[in-house]
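# Reading the structure
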Amino acid sequence: MSTSREALTKELIAAAQEMSALDLVGGTSGNVSVRIPGEGRVLITPSSVPYASLTPADIVEIDFESEIYTEGRAASVEHVMHLEVFKQRADVGAVFHTHSIYASALAFLRIPLPALLEEMVVYVGGSVDVAEFAQTGTEELAENACKALGEKAAVLLGSHGVLCAGHNLAKGLHIAQVVERTARIYLTARTIGVPHELSEDLIETYGSIYEYTRSED
Ligand SMILES: [Zn+2]
């Protein structure tokens, strides 16, 4: 394992543990992956290993055809969805799949998350759409997720959870937090009334910042 790959593996473990500590997933659910620059391969968290006990030996290296280069470990069952995002989006370097409570609640209601906060437009690219339901681990789910994701940084997976795509691990985790917090504000506001979305002008202005920064470290 080269030094940079070792460093990337450690970064991936730290990000996955932070995702768990932030309560964006429960138990061993959810998963995180990171692109190995220039190699057509990805590092991804394994299936059914508690986040707190993850070590570099647990992390699975996989290529875009789902061939695994790590002995003795099964990649997360959702690797198909992760790989499809990397294949379709050259700007994406890290993918987080969470089951965060408020954003997942919207996914189960099949209600999109509107662009309420300016940071939703700057970091996510605007509102977050809901992908049509498909069974976990299938090509169909991967296709549905990518279709609803489009060029944005997050998508709600119908009756399942959330997928966030960032240029690197830090950005991906930040996007997952922005989406969850906005979903919490949205659902809280909806208990009293219908919250206002940002104006089209503002969405266009901040949207250009997203376009400009989504490929930057
Ligand atoms: Zn899931």
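The paragraphs below set out a description of the structure included in this document.

Rules used in this analysis
- Residues numbered from 1 in each chain as written.
- Predicted model: local features only at pLDDT ≥ 70, side-chain atom pairs only at ≥ 80, totals over all residues.
- Heavy atoms only, no water.
- Helix = DSSP H or I, 4+ residues; strand = E, 2+ residues; numbered from the N terminus.
- Rg over C-alpha atoms; globule rule 2.2 N^0.38 Å.
- Buried < 20%, exposed > 50% of the residue type's maximum accessible area, 1.4 Å probe, protein only.
- Donors = N, O, S within 2.8 Å, 3.2 Å for Na, K, Ca; no water.
- Salt bridge = Lys/Arg side-chain N within 4 Å of Asp/Glu carboxyl O.
- Polar contact = N/O pair within 3.5 Å; in protein donor to acceptor, adjacent residues only side chain to side chain.
- Contact = heavy atoms within 4.5 Å.
- Axes fitted to C-alpha atoms, helices over the stretch in contact; angles between N-to-C directions.
- Parallel < 35°, antiparallel > 145°, perpendicular 65-115°, else oblique.
- Left-handed = near helix turned anticlockwise from the far one by under 90°.
- Nonpolar A, V, L, I, M, F, W, Y, C, P; charged D, E, K, R; others polar.
- Phe/Tyr/Trp six-rings, centres within 6.5 Å; stacked < 30°, edge-to-face > 60°.
- Lys NZ or Arg CZ within 6 Å of the ring centre and 35° of its normal.
- Core = buried A, V, L, I, M, F, W, Y, C linked by side-chain atoms within 4.5 Å.
- Pairing = 2+ DSSP bridges.

This part takes up the overall build of the protein chain. Scanning the protein chain from N- to C-terminus turns up seven helices and seven strands. For the protein chain, the α and β elements follow one another from N to C terminus as α-β-β-β-α-β-α-α-β-α-β-β-α-α. For 217 residues, the compact-globule formula gives about 17 Å, and the C-alpha radius of gyration of the protein chain, at 17 Å, lands near that figure. Dimensions along the principal axes, computed over C-alpha positions, put the protein chain at roughly 55 × 35 × 30 Å. Counting across all 217 residues of the protein chain, residues that qualify as buried make up 49%.

Distances from the zinc ion to its protein donors, H97 (NE2), H99 (NE2) and H160 (NE2), fall within 2.0 to 2.2 Å. When the donor residues of the zinc ion are listed from N- to C-terminus, their spacing reads H-x1-H-x60-H. Of the two residues, H97 is situated in strand β4 (residues 94-98) and H160 in the loop between β6 (154-157) and β7 (161-166); the sequence distance between them amounts to 63 residues. Neither H97 nor H160 differs from the other in exposure class; each is buried.

On to the pattern of salt bridges. A side chain with one charge may pair with a side chain of the opposite charge, provided their charged atoms come close. Inspection of the entire model under this criterion finds ten salt bridges. The partner of E61 in a salt bridge is R41, and the shortest N-O contact between them spans 2.9 Å. Taken together, the positions of E61 in strand β3 (residues 60-63) and R41 in strand β2 (residues 41-44) put the pair 20 residues apart, joining distant regions of the chain. Overall, the relative accessible area of 11% leaves E61 in the buried class.

Moving on, we come to the side chain of T182. Positionally, T182 belongs in helix α6 (residues 169-190). With relative accessibility at 0%, the residue T182 sits in the buried group. From its side chain, T182 meets the backbone oxygen of V178 in a polar contact 2.7 Å long. Setting aside anything within four residues of it in sequence, one finds T182 in contact with L113, P114, L116, L117 and M120.

Before going further, it helps to spend a moment on the packing of helix α2 (residues 79-88) against helix α5 (residues 139-149). Relative placement of two packed helices is described by the angle separating their axes and the distance separating the axes. With their axes 8 Å apart at the nearest point, α2 and α5 run at an angle of 40° to one another. In terms of their interaxial angle, α2 and α5 are classed as oblique. Between α2 and α5 the crossing geometry is right-handed. Residues V80, M81, E84, V85 and Q88 of α2 touch α5, and the partners they reach there are E139, L141, A142, A145, C146 and L149. In the contact of α2 with α5, the residues fall into eight nonpolar, one polar and two charged.

Counted according to the given criterion, the structure contains zero aromatic pairs. A cation sits over an aromatic face here: R41 above Y69, 3.5 Å from the ring centre.

Once that is clear, we can look at the side chain of S104. Mapping S104 onto the fold places it in helix α3 (residues 101-109). Only 2.7 Å separates the side chain of S104 from the backbone oxygen of S100, close enough to count as a polar contact. If we ignore the near neighbours within four places in the chain, the residues touching S104 are H99, H160, G161 and V162.

Quick look at the nonpolar core now. Core analysis: the largest hydrophobic core is formed by 41 residues, its most contacted members being F96, L113 and V179. When contributions to this core are tallied by element, the ones reaching two or more residues are α1 (3-21), β1 (31-36), β4, α3, α4 (118-124), β6, β7 and α6. Looking at which element gives the most residues to this core, the answer is α6, with nine residues. V42, M81, A145 and L157 belong to the second largest nonpolar core, which has 25 residues in total.

Let us look at the pairing of β2. One ladder, built from four bridges, connects β1 with β2; its direction is antiparallel. Each bridged residue has a counterpart across the sheet, and for V34 the counterpart in β2 is L43. In this structure, the hairpin formed by β1 and β2 is closed by a connection of four residues, where G38 is found at a positive phi of approximately 75°. In this structure, β2 lies alongside β3, joined through four bridges in antiparallel fashion. Each bridged residue has a counterpart across the sheet, and for I44 the counterpart in β3 is V60.

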